[in-house]
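Here is how the chains run, residue by residue.
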Amino acid sequence: MSRNAESTAFRSALEVVRGVEPRVADAIAAELADQRESLKLIASENYASPATLLAMGNWFSDKYAEGTVGRRFYAGCQNVDTVEALAAEHARELFGASHAYVQPHSGIDANLVAFWAILADRVESPALRKAQARQVNDLTEADWFALRRELGNQRMLGMSLDAGGHLTHGFRPNISGKMFDQRSYGTDPATGLIDYDRVAVAAREFKPLILVAGYSAYPRKVNFRIMREIADSVGATFMVDMAHFAGLVAGKVFTGDFDPVPHAHIVTTTTHKSLRGPRGGMVLCGPELADQVDRGCPMVLGGPLPHVMAAKAVALAEARRPDFADYAQRIVDNAQALADGLLRRGATLVTGGTDNHLVLIDVSGYGLTGRQAEQALLDSGIVTNRNSVPQDPNGAWYTSGIRIGTPALTTRGLGAAEMDATAELIHTVLSQTTPGTGPDGAPSKAKYVLDPAVAESVGKQAADLLTPFPLYPAVDLG
Ligand SMILES: *Cc1c(COP(=O)(O)O)cnc(C)c1O
């Protein structure tokens with residue numbers, strides 16, 4: 001495809017939007033400019049390809065398609081069927097899964113689909129069986145009461161939030177924390193690593209219906225073979241949420257014991273993080289759960305987004321190409337170069353390094369909270385996010401960590417030398433920032449002091465670092 005075509009496509013699209021609401025067109029153009037200028041180290045973000053982005057702006061958005069391929073509640077879904085089937089086929093081939101459900105609108109939605117499927121499959125409830133057999137009219141008031149009681153309060157064992165787990169794995173701010181009786185496993189305080197023996201003990205004591213693995217802020221591989229053995233030893237369904245590292249699985253960086261797909265009963269993911277697709281989610285599973293997973297819409301999901309499924313098909317086709325495996329390997333190489341650069345300059349890293357796409361800096365080593373560090377870095381043109389570290393003394397709001405990741409910068413083409421330079425910039429900002437005080441003179445967890453000249457100089461160097469690696473080089477909005 002010619003680069004000219006990409007430029008023309010985006011330019012023309014903006015021109016049409018500008019004719020109706022120019023402020024929206026301006027905001028879209030400004031977003032591209034901002035993304036081009038920022039050193040994006042947010043571990044969960046990426047840059048989707050022009051083909052993926054363009055596949056979303058079209059008539060599929062106008063179509064209702066509840067149900068699944070070939071079994072719709074609406075007429076005229078043949079073209080939606082085409083893209084949904086394509087996306088699912090690419091997903092199955094890419095991950096070696098027997099079933100793929102590509103409708104979830106996000107990672108959280110994918111997890112809800114999985115939770116429902118597991119509950120429906122596992123909970124022993126005669127009333128639920130009747131409902132599943134679509135004998136809804138035969139259910140008495142007492143049946144419905146029993147069904148609600150039996151579905152509720154099931155047990156889930158997942159990774160604790162401060163060790164890097166996700167809200168949707170049974171924590172209070174998410175509905176999963178209200179649905180499930182949850183217990184969590186943490187990491188070894190000495191090494192920062194998952195202690196599988198302790199997970200096994202927790203599983204034996206708690207006897208969860210669901211054992212969840214997967215994380216948003218754990219910088220290491222997880223051995224899914226061992227986790228599956230633990231799940232099997234207590235009769236739990238083993239679910240892996242690979243939202244963050246799906247790209248590393250797709251790119252065959254995580255194989256064998258570290259590839260969740262052959263080991264888990266069910267795998268959920270986002271499509272927009274390291275996988276580099278459109279904003280969305282997906283569920284992979286074996287034949288046992290496929291039927292329940294396919295009930296996702298309307299069971300827990302709103303109507304499918306066919307335009308996003310079209311973009312998922314495009315992005316998954318891209319991920320099946322050999323150059324995606326190269327991309328995935330470079331993500332990890334870059335994360336390791338970044339970690340090494342930080343360690344050499346004296347930073348403290350959770351687990352002492354990384355073997356995936358992310359690095360977690362314990363900024364208490366610089367005398368800062370995560371919030372102070374995040375803002376000081378942002379002032380200096382470096383976009384990261386604060387994150388708890390294990391046993392964080394500053395809680396989930398202020399935190400003591402900064403999470404950084406390499407999927408986005410790797411897409412731009414930055415390599416090991418630029419990662420070392422990035423480590424230097426981060427270290428400069430963090431070592432030059434000092435905690436501020438509140439109005440009463442007491443130490444503040446939010447206020448900080450950073451010489452604006454340092455912020456400006458680092459910002460300039462960050463921008464220079466990006467100059468040789470233009471984002472969407474073919475797209476010129478004029
Ligand atoms: C990002 C993430 C999610 C949520 O994804 P959304 O698309 O934001 O809903 C779920 N689980 C994990 C582990 C994640 O990292």
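Please read all numbers here as calculations on a predicted model, not as lab measurements.

Draft legend 1. A look at the domain arrangement of the protein chain. Domains assigned within the protein chain are domain 1 (59-319) and domain 2 (323-466). Placing the centre of domain 1 and that of domain 2 at their C-alpha centroids yields a distance of 31 Å. In this assembly, 27 residues from domain 1 lie in contact with 27 residues from domain 2. Both faces considered, domain 1 and domain 2 share a buried interface measuring about 2100 Å² in area, 58% of it formed by carbon and sulfur atoms. Taken together, domain 1 and domain 2 are joined by one salt bridge. A salt bridge links Asp355 to Arg220; its shortest N-O distance comes to 3.5 Å. In this assembly, domain 1 and domain 2 are joined by 13 residue pairs in polar contact (both at pLDDT 80 or more).

Draft legend 2. Spotlight on the site of the ligand. Around the ligand sit 13 residues in total, of which Gly107, Ile108, Ser216, Asp241 and Lys273 are the nearest. Between an oxygen atom of the ligand and a side-chain N or O atom of Ser106, the distance comes to 3.3 Å. Separating an oxygen atom of the ligand from a side-chain N or O atom of Lys273 is a distance of 2.8 Å. Computed on the free molecule, the ligand has an accessible area of 380 Å², of which 86% lies beneath the protein chains in the complex. Ranked by the residues each element gives to the shell around the ligand, the list is headed by helix H5 (residues 107-122), at three residues. Its residues placed into classes, the shell around the ligand shows three nonpolar, eight polar and two charged.

Draft legend 3. Inspection of the packing of helix H9 (residues 196-206) against helix H10 (residues 224-233) at higher detail. With their axes 9 Å apart at the nearest point, H9 and H10 run at an angle of 20 degrees to one another. Relative to H10, H9 is oriented roughly parallel. The chirality of how H9 crosses H10 is right-handed. For the pair H9 and H10, contact is made by Tyr196, Val199, Ala200 and Ala203 and by Ile226, Met227 and Ile230, respectively. For the contact of H9 with H10, the class distribution of residues is seven nonpolar, no polar and no charged.

Cut-offs applied
Residues numbered from 1 in each chain as written. Predicted model: local features only at pLDDT ≥ 70, side-chain atom pairs only at ≥ 80, totals over all residues. Heavy atoms only, no water. Domains from an automatic or database assignment. Contact = heavy atoms within 4.5 Å. Buried area = accessible area lost by both parts, 1.4 Å probe. Salt bridge = Lys/Arg side-chain N within 4 Å of Asp/Glu carboxyl O. Polar contact = N/O pair within 3.5 Å; in protein donor to acceptor, adjacent residues only side chain to side chain. Near = heavy atom within 4 Å. Areas by Shrake-Rupley, 256 points an atom, 1.4 Å probe, with all protein chains shown as cover. Helix = DSSP H or I, 4+ residues; strand = E, 2+ residues; numbered from the N terminus. Nonpolar A, V, L, I, M, F, W, Y, C, P; charged D, E, K, R; others polar. Axes fitted to C-alpha atoms, helices over the stretch in contact; angles between N-to-C directions. Parallel < 35°, antiparallel > 145°, perpendicular 65-115°, else oblique. Left-handed = near helix turned anticlockwise from the far one by under 90°.

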